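Listed here are the chains, written in short residue letters.
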2 protein chains.
Amino acid sequence: MIRAGFIQFNPELGDPKKNMESLSALLDKSAGANLVVIPELANSGYNYESKEQAFSLAESADNGEFVRFLSNKARQLNLFIVAGFNELDRSKLYNSAMLVGPNGIIGKYRKLHLFMNEFDFFERGNLGLPVFDLGFCKVGILICFDWVFPEVWRILTIKGADIICHPSNLVLPYAQQAVPVYGLINKTFNITANRYGTEREVTFSGRSIISDTEGKTIHTAVKDADEVFITNLDLDKSRNKMITLRNNVITDRLPGEYLDLTK
Amino acid sequence: MIRAGFIQFNPELGDPKKNMESLSALLDKSAGANLVVIPELANSGYNYESKEQAFSLAESADNGEFVRFLSNKARQLNLFIVAGFNELDRSKLYNSAMLVGPNGIIGKYRKLHLFMNEFDFFERGNLGLPVFDLGFCKVGILICFDWVFPEVWRILTIKGADIICHPSNLVLPYAQQAVPVYGLINKTFNITANRYGTEREVTFSGRSIISDTEGKTIHTAVKDADEVFITNLDLDKSRNKMITLRNNVITDRLPGEYLDLTK
């Protein structure tokens with residue numbers, strides 16, 4: 001049994017310092033958790049006015065201020081954190097999520113499926129779909145609009161993820177319906193850490209969710225306020241892929257019939 | 001705009017004659033529809049006591065009594081029917097679904113993912129995942145437990161299915177939650193024609209559903225009575241795969257990232 005959950009908050013566009021202050025207080029409230037998921041682009045805000053602004057709010061994954069902040073909090077609180085941020089690497093931007101733990105940086109994921117105007121700012125992710133073994137559990141990461149693509153949930157499951165961490169800045173009203181179903185068909189726990197608030201006429205939907213391996217929503221956050229939610233997750237349930245006495249949601253797959261998906 | 005829907009009923013195990021009588025009356029009530037979906041194994045019932053009983057209730061797809069019955073009704077009522085049946089072919093049984101129209105047999109699908117004791121009676125399907133072009137729409141077919149596997153919904157979508165017909169004898173409580181989400185992520189209309197009733201201690205869940213391309217359930221049937229439900233479907237919606245002005249649920253896929261699914 002582990003304790004995991006999400007932080008929902010309202011990042012301020014263009015004010016990383018303020019965002020770290022907000023997150024610091026919210027992370028303190030999550031003390032005792034093993035794993036906490038924080039929304040997409042939590043350092044910078046989302047709806048950049050220009051490419052210049054997007055670059056001005058980006059930072060390195062190795063030694064940027066936001067990643068150092070996350071590492072410090074993870075060490076202080078003895079927990080693992082998955083947090084979205086605007087990543088600068090060799091003059092390119094990525095919509096990334098960092099995974100840090102009590103001993104520092106573990107790895108990162110770069111969003112594969114870009115949404116709307118993100119195409120104007122970010123490169124498509126180029127690090128594939130890693131699964132990270134934290135010892136007590138294995139985690140995969142997807143970011144926001146990646147939710148539409150059943151392939152990526154499936155791949156992370158096949159690679160052994162117990163928990164799929166899903167930092168988000170959701171605008172469409174659909175993910176809260178779909179994410180628990182991905183948990184049902186893959187028998188994973190899924191944590192969607194969403195933001196709320198409005199930036200330059202784009203409104204985010206809050207209602208962060210954590211769902212179980214039978215497709216049930218364990219908790220849905222409110223739509224427009226800060227919230228820290230941590231719960232117990234029994235990883236025996238994500239490691240047992242049997243859905244009946246004779247059926248397994250993974251080994252019953254028939255890859256020979258699925259070849260079309262690679263075209 | 002076309003008219004499509006489902007028939008929910010309670011097949012009698014071991015009494016194909018009675019089942020055809022029931023279906024004849026229910027099909028008459030669907031007059032005016034273009035496409036009607038009927039549950040899995042609608043000729044025979046589901047929970048066979050023995051291999052002998054399973055064989056005794058099976059019939060040929062070419063000239064069996066049930067398929068002739070369906071073809072006659074389709075011609076009389078000028079509609080297309082997708083119906084599950086117990087198919088005998090060269091001394092092997094398949095859990096199949098027949099597609100017939102006003103001009104006779106169009107094709108069939110054989111269930112790929114077998115459930116529980118079905119492994120004792122049926123061969124796994126060997127006809128792949130066909131999509132049938134009816135002129136006014138393209139239909140794919142999945143049967144019952146196939147619902148767990150996101151791959152097959154995706155493949156039928158990529159092959160052009162507007163409507164995925166899903167004859168079922170559902171026992172688990174999950175499909176009614178998942179099927180609309182497959183419609184959302186693939187932008188297809190999905191029709192789950194379920195049965196109700198109890199056979200030798202197995203109870204089926206009724207609650208047949210038809211869902212739209214935004215994941216909304218258009219209608220859910222009751223859990224334990226006959227029901228015929230027909231509605232208008234706007235196929236422009238299943239042919240437009242854009243989910244935002246700049247995002248398409250199919251062409252935004254990144255097959256190069258999905259190779260693991262073929263292993």
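Residues numbered from 1 in each chain as written. Chains lettered and ligands numbered in written order. Predicted model: local features only at pLDDT ≥ 70, side-chain atom pairs only at ≥ 80, totals over all residues. Heavy atoms only, no water.

**Q** For this particular structure, what's the right way to read the overall build of chain A?
**A** Of the regular secondary structure elements, chain A holds six helices and 16 strands. Since a compact globule built from 263 residues should have a radius of gyration of about 18 Å, the 17 Å found for chain A is in line with a globular shape. For chain A, the spread of C-alpha atoms along the three principal axes comes to 55 × 45 × 35 Å. With 263 residues in all, chain A has 63% of them scored as buried. Considering only residue pairs separated by 6 or more positions, chain A has 67% of its internal contacts joining residues 24 or more positions apart. (Helix = DSSP H or I, 4+ residues; strand = E, 2+ residues; numbered from the N terminus. Rg over C-alpha atoms; globule rule 2.2 N^0.38 Å. Buried < 20%, exposed > 50% of the residue type's maximum accessible area, 1.4 Å probe, protein only. Contact = heavy atoms within 4.5 Å.)

**Q** Got a minute to help me understand the interface of chain A and chain B in this structure?
**A** Chain A puts 51 residues into the contact, and the matching count from chain B is 51 residues. Here chain A and chain B share an interface that buries about 4,600 Å² over both sides, 66% of which is from carbon and sulfur atoms. Linking chain A with chain B are six salt bridges, by the criterion used here. With its nearest N and O atoms 2.8 Å apart, the salt bridge here joins arginine 154 of chain B to glutamate 151 of chain A. Where chain A packs against chain B, one counts 16 residue pairs in polar contact (both at pLDDT 80 or more). Here the side of chain A that touches chain B gets seven residues from one element, more than from any other, and that element is helix 5 (residues 175–186) of chain A. In terms of residue class, the side of chain A that touches chain B is built from 30 nonpolar, nine polar and twelve charged. (Buried area = accessible area lost by both parts, 1.4 Å probe. Salt bridge = Lys/Arg side-chain N within 4 Å of Asp/Glu carboxyl O. Polar contact = N/O pair within 3.5 Å; in protein donor to acceptor, adjacent residues only side chain to side chain. Nonpolar A, V, L, I, M, F, W, Y, C, P; charged D, E, K, R; others polar.)

**Q** Hey, could you run me through the pairing of strand 7 (residues 138–141) of chain A in this one?
**A** Looking along a regular strand, one sees side chains alternate from face to face of the sheet. All names here are of chain A. Of the pairings in the sheet, the one linking strand 6 (residues 131–133) to strand 7 comprises three bridges and is antiparallel in character. Across the sheet, residue phenylalanine 132 finds its bridge partner in strand 7, namely valine 139. Hairpin connection, strand 6 to strand 7: the antiparallel pair is bridged by four residues, and glycine 135 has positive phi, about 90 degrees. Across three bridges, the pairing between strand 7 and strand 8 (residues 163–167) is parallel. Its bridge partner lying in strand 8, isoleucine 141 is registered against cysteine 165. In the classification by handedness, the crossover that spans strand 7, the intervening helix 4 (residues 150–158) and the parallel strand 8 is right-handed. (Pairing = 2+ DSSP bridges. Right-handed = clockwise from strand over helix to strand, strands pointing away.)

**Q** Mind showing me how you'd approach the sheet that holds strand 4 (residues 92–101) of chain B here?
**A** Adjacent strands of a sheet form backbone hydrogen bonds with each other and so pair up, either parallel or antiparallel. All names here are of chain B. Reading across the sheet, the six strands line up as 5-4-3-2-1-14 and stay open at both edges, with mixed pairing between neighbours. Of all strands in the sheet, those bounded by a partner on one side alone are strand 5 (104–110) and strand 14 (227–233). Between one strand and the next, the sheet's axes are offset by a mean angle of 30 degrees, whatever the strand orientation. Running at roughly 150 degrees to strand 1 (residues 2–8), helix 1 (residues 16–29) makes contact with strand 1, strand 2 (35–38), strand 3 (80–89) and strand 14 of the sheet. (Axes fitted to C-alpha atoms, helices over the stretch in contact; angles between N-to-C directions.)

**Q** I would appreciate a short explanation of the packing of helix 4 of chain A against helix 5 of chain A in the present structure.
**A** A pair of packed helices can be characterised by two numbers: the angle between their axes and the separation between those axes. All names here are of chain A. Helix 5 packs onto helix 4 with a crossing angle of 40 degrees between their chain directions and a minimal axis gap of 10 Å. Put simply, helix 4 runs oblique to helix 5. For helix 4 against helix 5, the interelement crossing comes out right-handed. Between helix 4 and helix 5, the contacting residues are Pro150, Trp153, Arg154 and Thr157 on the first element and Val179, Tyr182, Ile185 and Asn186 on the second. A breakdown of the residues in the contact of helix 4 with helix 5 according to their chemical character gives five nonpolar, two polar and one charged. (Parallel < 35°, antiparallel > 145°, perpendicular 65-115°, else oblique. Left-handed = near helix turned anticlockwise from the far one by under 90°.)

**Q** It is not clear to me how the pattern of salt bridges should be interpreted in this structure. Could you clarify?
**A** Two side chains bearing opposite charge may form a pair once their charged atoms approach each other closely. Taken as a whole and judged by the stated rule, the model has 30 salt bridges over all chains. Its salt-bridge partner being glutamate 214 of chain B, residue lysine 216 of chain B comes within 3.1 Å of it at the nearest N-O pair. When its relative accessible area of 34% is taken as the criterion, glutamate 214 of chain B is described as partly exposed. Through salt bridges with shared partners, a single ionic network connects Glu87, Asp89, Arg90, Lys108 and Arg110 of chain A.

**Q** Before we go on, may I ask you to explain the packing of aromatic side chains in this structure?
**A** Across all of its chains, the model carries 22 aromatic pairs over all chains by this definition. Here the aromatic rings of tyrosine 48 of chain A and phenylalanine 121 of chain A are separated by 5.4 Å at their centres, their planes lie at 85 degrees, and the arrangement is edge-to-face. Taken together, the residues tyrosine 48 of chain A in the loop between strand 2 (35–38) and helix 2 (51–56) and phenylalanine 121 of chain A in the loop between strand 5 (104–110) and strand 6 connect sequence positions 73 residues apart. Comparing tyrosine 48 of chain A with phenylalanine 121 of chain A shows no difference in burial state: the two are buried. Linked through ring pairs, Tyr48, Phe121 and Phe122 of chain A together constitute an aromatic cluster. Positioned over the ring face of tyrosine 94 of chain B is arginine 110 of chain B, at 3.8 Å from the centre of the ring. (Phe/Tyr/Trp six-rings, centres within 6.5 Å; stacked < 30°, edge-to-face > 60°. Lys NZ or Arg CZ within 6 Å of the ring centre and 35° of its normal.)

**Q** Just checking my understanding: could you explain helix 1 (residues 16–29) of chain A for this structure?
**A** Since the α-helix turns once every 3.6 residues, residues separated by three or four places project in the same direction. Residue and element names in this part refer to chain A. Relative to the 20 Å expected for 14 residues at 1.5 Å per residue, helix 1 spans 20 Å between its end C-alpha atoms, a close match to the ideal helical length. Asn19, Met20, Leu23, Leu26 and Leu27 are the residues of helix 1 that are buried. For helix 1, the buried positions fall inside an angular range of 130 degrees around the axis, keeping them on one side. Turned more than 90 degrees away from the buried face of helix 1, the exposed residues are Lys17, Glu21 and Lys29. (Expected span 1.5 Å × (residues − 1). Arc of directions from axis to C-beta.)

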